[in-house]
Every structure is written in C-alpha cells, then in structure tokens.
Amino acid sequence: DLVAIQEVKEQMKGLEEVMKILGKNWAFIATDVTEGKEGNGERIAFLYDTNKVSFKNIAGEIVLPSDNLIQGVQFARSPFCVAFQSGWFKFFLTTVHIIYGSTKEALAKREEEIKAIATFLSNRAQNEEASYIILGDFNIPKAGDKFMNALESGGFRIPSHIKKHPTNFGKEIKHYDQIAFNLHSEYDIDILDENSRVRSGAFDFTKSVYRDEDYEDYIPFMTKDVSVPNPDKPGKNMKVKVERTGEEAMTYFHDTYRIDQMSDHKPLWVELKVDFSDQYIEKLRQEVSK
C-alpha cells in the first residue's frame, strides 16, 4: 500500500510508466535530484495507494543543522521525510539511501550518516510526540554490526522479525535494507512486540518474473558487442551485437540482466496494524468506569 523507492533517476519516464500500470488510485511524491558525485543524480520517491494511505501535507528533505554535519557536509543523498496516515495510524515515514563504499573513509562516513539520521529523527519524535519510521538502503552488511548498532543506538528499534530477512541476491547474506521504528502512538500498534504476529519479509521477485525456467525467452535481449572484420573496410573491425548462449547466457541472466531490469535488492516489507477501534472503545470504557 505504501512503497519507498531509492535510485529514481533524473529522467522520470520509467516511474511514470509504473504509475500508469498501477492505476488512477495510486499517487507518488518524489524529491528533487541530489546533485554531486555522491548524489549520483538520484531521487527518492514514495508510491502509495490513495484508497489505503493519505498524504498529510508535510514533506521535505532532511537538512542537518550546521553543528551536526557529517564530516562537515550534509548527507550524500538527502533523506526524504513525509507525513502519512493509514487508518488510525499517523506517522512520519523517512526513506534513506546511505552512502556506500569500501574505503576506510567511506565506511566511517556510512556509520556517521546512519547515526546522524537516527539521532536527528529520534529527537524530533520525542519533541513532537510523533511516530517515526525510517527505512531504505542503509548498506548494512550484517545484523548486529556497527552500522546496525548506529541505527539502533540513535533511538530506533528494528524488530527481530525484520532483522532475519537478508535483502541481497547471491550466496553472501547481506542486510542492506532495514525498517526501524520510533513510536509515540497513543495506541499499541504491536510492531515492536517480539511475540507479535506481525508479518514481514524480503520479496524475491525472481520467483515471479525473470524466472530460471523463462530465461531463454530473454536471450534475444541479452546481447553483447563483438568485434568482427568490417567487409566494407578491409583491415578494419566493427562491432556487432550477438546473443549470449549456454552457460554464459545463464550467468549473465542471473548476475546482471534481471538485476538491471528490476533491482539488485529484494524489497523488504512489513505489515502494520492501523485499526485501533478496539483499543479506543476499551479506553472509553475505562474512562466511564472511573
């Protein structure tokens, strides 16, 4: 009903095509492009079903105060915070795409970015007595590492049933994406109860599209450039496109093609309780009985 998407490029034709497919009851709200090399010309967007979710007229990219900058600068990609309501539940949803890199400097900055956004939003949640959810690509390698600790020590909690879902493809287990909560709801929404029946998961889209049994259908689209003699220019070569075949085609399909077509991450999801009518009625009963 409510989806956060990272890496929406400056040209929004693809997103607009998706919106046509979803139908008239779906809407989206997106950021401007984050400029600069680290920003990579990307936007962040929320897509939502207007029959289930309403936009509460507050939206903005997070800008840190000057005394809380990350190594003297803002986020590599600006986090996006939007107010929504679904059923009884009012909340601020912030999506992030935390900086990536393997150098010592990049790793340090990644940890600082995570801690900065978590601390900043936790202070807001407390001051406003509002519920905040933060989600997105944190580039967290594994559950319980220093990057996940930076998120949780900043005031947010990640339920154990969410932590158990890796979101990368391949043999290595990575927990790049997370959904974390700092809740100040008047009613218990149950999400942080470790014994709750809340459902969550990481959706493996390759079970539905770009399946192994269908890969031959995509071979005509998985071409590569090959250099061959140019019949019109003796002694010169030219590039032509040829289809991949056999094991090469399957490997390319697994490791490159379907990821380029969809995503190199499995979408992480969670269901939230948003109907608090029973709790409200019980509260009224208690007030009447006093």
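Reading guide: rules and limits
Residues numbered from 1 in each chain as written. Predicted model: local features only at pLDDT ≥ 70, side-chain atom pairs only at ≥ 80, totals over all residues. Heavy atoms only, no water. Helix = DSSP H or I, 4+ residues; strand = E, 2+ residues; numbered from the N terminus. Buried < 20%, exposed > 50% of the residue type's maximum accessible area, 1.4 Å probe, protein only. Patch = residues over 30% accessible without salt bridge, like charges linked within 9 Å, V, L, I, M, F, W, Y side chains within 5 Å. Areas by Shrake-Rupley, 256 points an atom, 1.4 Å probe, with all protein chains shown as cover. Salt bridge = Lys/Arg side-chain N within 4 Å of Asp/Glu carboxyl O. Polar contact = N/O pair within 3.5 Å; in protein donor to acceptor, adjacent residues only side chain to side chain. Contact = heavy atoms within 4.5 Å. Pairing = 2+ DSSP bridges. Axes fitted to C-alpha atoms, helices over the stretch in contact; angles between N-to-C directions. Phe/Tyr/Trp six-rings, centres within 6.5 Å; stacked < 30°, edge-to-face > 60°. Lys NZ or Arg CZ within 6 Å of the ring centre and 35° of its normal.

Peer 1: Before we go on, may I ask you to explain unusual backbone geometry in this structure?
Peer 2: Negative phi values dominate among residues other than glycine, just as trans dominates among peptide bonds. Phi is positive for Glu 129, which is not a glycine, with a value near 50°. Structurally, Glu 129 can be placed in the loop between α2 (104–128) and β7 (132–137). For Glu 129, a relative accessible area of 63% gives the class exposed.

Peer 1: I would appreciate a short explanation of a nonpolar patch on the surface in the present structure.
Peer 2: A surface patch of nonpolar side chains, about 350 Å² in accessible area, is lined by Trp 88, Tyr 280, Ile 281 and Leu 284. By the element assignment, Ile 281 lies in helix α6 (residues 277–289).

Peer 1: I tried to follow the side chain of Ser 86 on my own but got confused; where do I start?
Peer 2: Assignment of secondary structure puts Ser 86 in strand β5 (residues 80–86). We classify Ser 86 as buried; its relative accessible area is 14%. Side-chain polar atoms of Ser 86 contact the backbone oxygen of Lys 52, separated by 3.0 Å. Beyond its immediate stretch of four places on either side in the chain, Ser 86 contacts Lys 52, Val 53, Phe 91 and Val 274.

Peer 1: What is the right way to read the environment of Ala 27 from this model?
Peer 2: Summarising the element assignment, Ala 27 is placed in strand β2 (residues 26–30). When the C-alpha positions of Ala 27 and Phe 205 are compared, they lie 23 Å apart, and in sequence the two are 178 residues distant. Setting aside residues up to four positions removed in sequence, Ala 27 forms contacts with Met 19, Phe 46, Leu 47, Tyr 48 and Thr 50.

Peer 1: I would appreciate a short explanation of the sheet that holds β2 in the present structure.
Peer 2: Strand pairs in the sheet, formed through backbone hydrogen bonds, run parallel or antiparallel to each other. Here we have three strands laid out as an open sheet, ordered β1-β3-β2, and antiparallel in their pairing. Edge positions in the sheet fall to β1 (2–9) and β2, since each of these pairs with one other strand and no more. Adjacent strand axes in the sheet meet at a mean angle of 25° when their direction is disregarded. Sheet analysis places β1 next to strand β3 (residues 42–49), joined by six bridges and oriented antiparallel. Residue pairing in the sheet places Leu 2 in a bridge with Tyr 48 of β3.

Peer 1: Whenever I open this one, the packing of aromatic side chains confuses me. Can you help?
Peer 2: Ring pairs (aromatic) are described by centroid distance and by the angle formed between their planes. Following the criterion strictly, the structure yields 15 aromatic pairs and no others. Their ring planes at 45° and their centres at 5.9 Å tell us that Tyr 218 and Tyr 257 sit as a pair that is tilted. Note that Tyr 218 is positioned in the loop between β9 (200–202) and β10 (223–229) and Tyr 257 in helix α5 (residues 246–261), a separation of 39 residues in sequence. Of the residues examined, Tyr 257 reaches a relative accessible area of 9% and is grouped as buried. In textbook terms, an aromatic cluster arises when at least three aromatic residues are bridged by ring pairs, as seen for Phe 46, Tyr 48, Phe 55, Phe 80, Phe 84, Phe 89 and Phe 91. Note that Arg 110 overlies the ring of Phe 147, its terminal NZ or CZ placed 4.9 Å from the centroid. Positioned above the aromatic ring of Tyr 252, the side-chain terminus of Arg 244 is 3.6 Å from the ring centre.

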